[in-house]
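# Per-entry structural report
Listed below are the residues making up each chain.
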Amino acid sequence: MSVKIKIDEGSLKMTMKSLDKKSKQINAAASEGLESVAIDILADSQATLKENKNIATGKLINSGKVKKNTDNTIDVEYNANYAKSIEYRQTAGTKVSIKALVEWIKKKGIADTYTNSGRRRARGKDFEKSALSIAFAIQKSIKAKGTKPRPFLFPAFRKYESKVINIINNAINEVI
């Protein structure tokens, strides 16, 4: 006598529906814990940005946010247009905006001049000319050599990765 299991399309659909339902339950059970960890990841990545002095204008650090999606997933993201270039690097051959570089130079005070007594001089035409000159030199350097990566988000995730896995495992055990 033989033993047989027959899997037909109806059984497969029923199984997939059951798995989909369980998946949604797991997502819901893990959601609160994951949101908490996401906030920790955001805070840690922002601290790294501060430590690495990547906050000249504040645009990057202020673009970070935690977003809860309708499917109970959580995103930690930075929306500044140059966030990816900081995290991974700026490749050689890329032409960076002079306007953005001048803004960065002004915030960093790179083109400032000082009196003999150490006081910063008022910013005038010489300052603007100097800032523009420095911006062109930086642009040329980035185009030729690119920039080094200064990761901030991925290391923060790695720091909390085991906590994320534990939250998901606990949610699976709770649902199943």
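These remarks concern the structure in this document. Because the structure is predicted, anything quoted here is derived from the model rather than measured. (Residues numbered from 1 in each chain as written. Predicted model: local features only at pLDDT ≥ 70, side-chain atom pairs only at ≥ 80, totals over all residues. Heavy atoms only, no water.)

## Section: the overall build of the chain
Heads up, the condition is: In this description a helix means any DSSP run of H or I spanning at least four residues, a strand means any run of E spanning at least two, and both kinds are numbered starting from the N terminus. All radius of gyration figures rest on C-alpha atoms, and the globule criterion is 2.2 Å times the number of residues raised to 0.38. Three labels apply to residues, based on accessible area from a 1.4 Å probe with only protein chains included: buried if under 20% of the type maximum, exposed if over 50%, partly exposed otherwise in between. Residues are treated as being in contact if the distance between any of their heavy atoms lies within 4.5 Å. Here the Shrake-Rupley method, with its probe set to 1.4 Å, supplies the accessible areas, and only the displayed protein chains count as covering residues. Note that His is not counted, nor are the chain ends; the positive residues are Lys and Arg, and the negative ones are Asp and Glu. Every charge is mapped to an atom, namely NZ of Lys, CZ of Arg, CG of Asp or CD of Glu.
Along the backbone of the chain there are six helices and two strands. Scaling as 2.2 N^0.38, a compact globule of 176 residues should have a C-alpha radius of gyration of about 16 Å, whereas the chain reaches 25 Å, well beyond that. Principal-axis analysis of the C-alpha atoms places the extent of the chain at approximately 100 × 30 × 25 Å. The buried share of the chain, taken over its 176 residues, is 27%. For the chain, long-range pairs separated by at least 24 residues make up 67% of all intrachain contacts whose partners lie at least 6 apart in sequence. Carbon and sulfur atoms make up 53% of the accessible area of the chain, which totals about 12700 Å². Within the chain, the 18 negative side-chain charges are centred at a point lying 10 Å from the centre of the 34 positive side-chain charges.

## Considering the pairing of strand E1 (residues 64-68)
We count it as follows: Between any two strands, at least two bridges found by DSSP are needed for them to pair.
By the bridge criterion, five bridges tie E1 to strand E2 (residues 74-78) in an arrangement that is antiparallel. In the sheet register, Lys65 faces E2, and the bridge partner there is Glu77. Where E1 folds back on E2, the antiparallel hairpin that results is connected by five residues, among which Asn72 adopts a positive phi of roughly 65 degrees.

## Comments concerning helix H1 (residues 9-51)
Quick note on the threshold: Bend is the name given here to the angle between axes fitted to two runs of seven residues, the run ending at a residue and the run starting at it.
A bend of about 45 degrees at Ser31 is the largest found in H1. Buried within H1 are the following residues: Ile26, Ala30, Ser31, Leu34, Val37, Ala38, Ile41, Leu42, Asp44, Ser45, Thr48 and Leu49. Those residues of H1 that are buried lie in contact with helix H2 (59-62), E1, E2 and helix H6 (153-175). The positive-phi residue at the C-terminal boundary of H1 is Lys53, with phi of around 60 degrees.

## Structural notes on the pattern of salt bridges
The following threshold applies: Each salt bridge in this description consists of a side-chain nitrogen of Lys or Arg and a carboxyl oxygen of Asp or Glu lying within 4 Å of one another.
If you walk through the whole model with that rule in mind, you get five salt bridges. Where Lys163 meets Asp40, a salt bridge forms, and the shortest distance between an N and an O atom there is 3.8 Å. With Lys163 in helix H6 and Asp40 in helix H1, this residue pair connects regions lying 123 residues apart in the sequence. For Asp40, a relative accessible area of 26% puts it in the partly exposed group. Among the salt bridges present, the one from Asp44 reaches Lys159, with a minimum N-O distance of 2.8 Å. Taken as a pair, Asp44 in helix H1 and Lys159 in helix H6 lie far apart in primary sequence, 115 residues in all. Look at Asp44 and you get buried, because its relative accessible area is 17%. Given a relative accessible area of 54%, Lys159 falls into the exposed group.

## Let's talk about the nonpolar core
Inclusion rule: Nonpolar cores are built from buried Ala, Val, Leu, Ile, Met, Phe, Trp, Tyr and Cys residues. Side-chain atoms within 4.5 Å join them into one set.
Membership of the largest hydrophobic core comes to 13 residues, with the highest contact counts inside it found for Ala30, Leu34, Val37, Ile41 and Ile167. Taken together, the elements giving at least two residues each to this core come down to H1 and H6. Beyond its immediate sequence surroundings of up to four residues, Ala30 is in contact with Ile167 and Ala171. The next biggest cluster of nonpolar side chains, apart from the first, holds 10 residues, and it includes Ile98, Val102, Ala111 and Phe127.

## Topic: a nonpolar patch on the surface
Heads up, the condition is: What goes into a patch is any residue over 30% in relative accessible area without a salt bridge, connected to like charges within 9 Å or, for nonpolar side chains (Val, Leu, Ile, Met, Phe, Trp, Tyr), within 5 Å.
Where nonpolar side chains cluster on the molecular surface, the patch consists of Leu12, Met16 and Leu19 and spans about 310 Å² of accessible area. Counting through the fold element by element, Leu12 comes out in helix H1. A residue is classified by how much of its surface remains accessible, and Leu12, at 47% relative accessible area, is partly exposed.

## Topic: the packing of H1 against H6
The angle between the axes and the distance between the axes are what describe a pair of packed helices. Stated precisely, the cut-off is as follows: Axes here refer to lines fitted to C-alpha atoms; in helices the fit is confined to the stretch in contact. Angles between the N-to-C directions go from 0 to 180 degrees. Any angle from 65 to 115 degrees is called roughly perpendicular, while one under 35 is roughly parallel, one over 145 is roughly antiparallel, and all others are oblique. Here is the rule for handedness: rotate from the far helix to the near one, and if that takes an anticlockwise turn smaller than a right angle the crossing is left-handed, while a clockwise turn gives right-handed. Any residue outside Ala, Val, Leu, Ile, Met, Phe, Trp, Tyr, Cys, Pro, Asp, Glu, Lys and Arg is labelled polar, Gly included; the first ten of those are nonpolar and the last four are charged.
Between H1 and H6, the shortest axis-to-axis distance is 9 Å and the interhelical angle comes to 155 degrees. By the angle between their directions, the pair H1 and H6 is classed as roughly antiparallel. The element H1 and its partner H6 pack so that their crossing is right-handed. Within the contact of H1 with H6, the residues separate by chemical class into 16 nonpolar, three polar and six charged.

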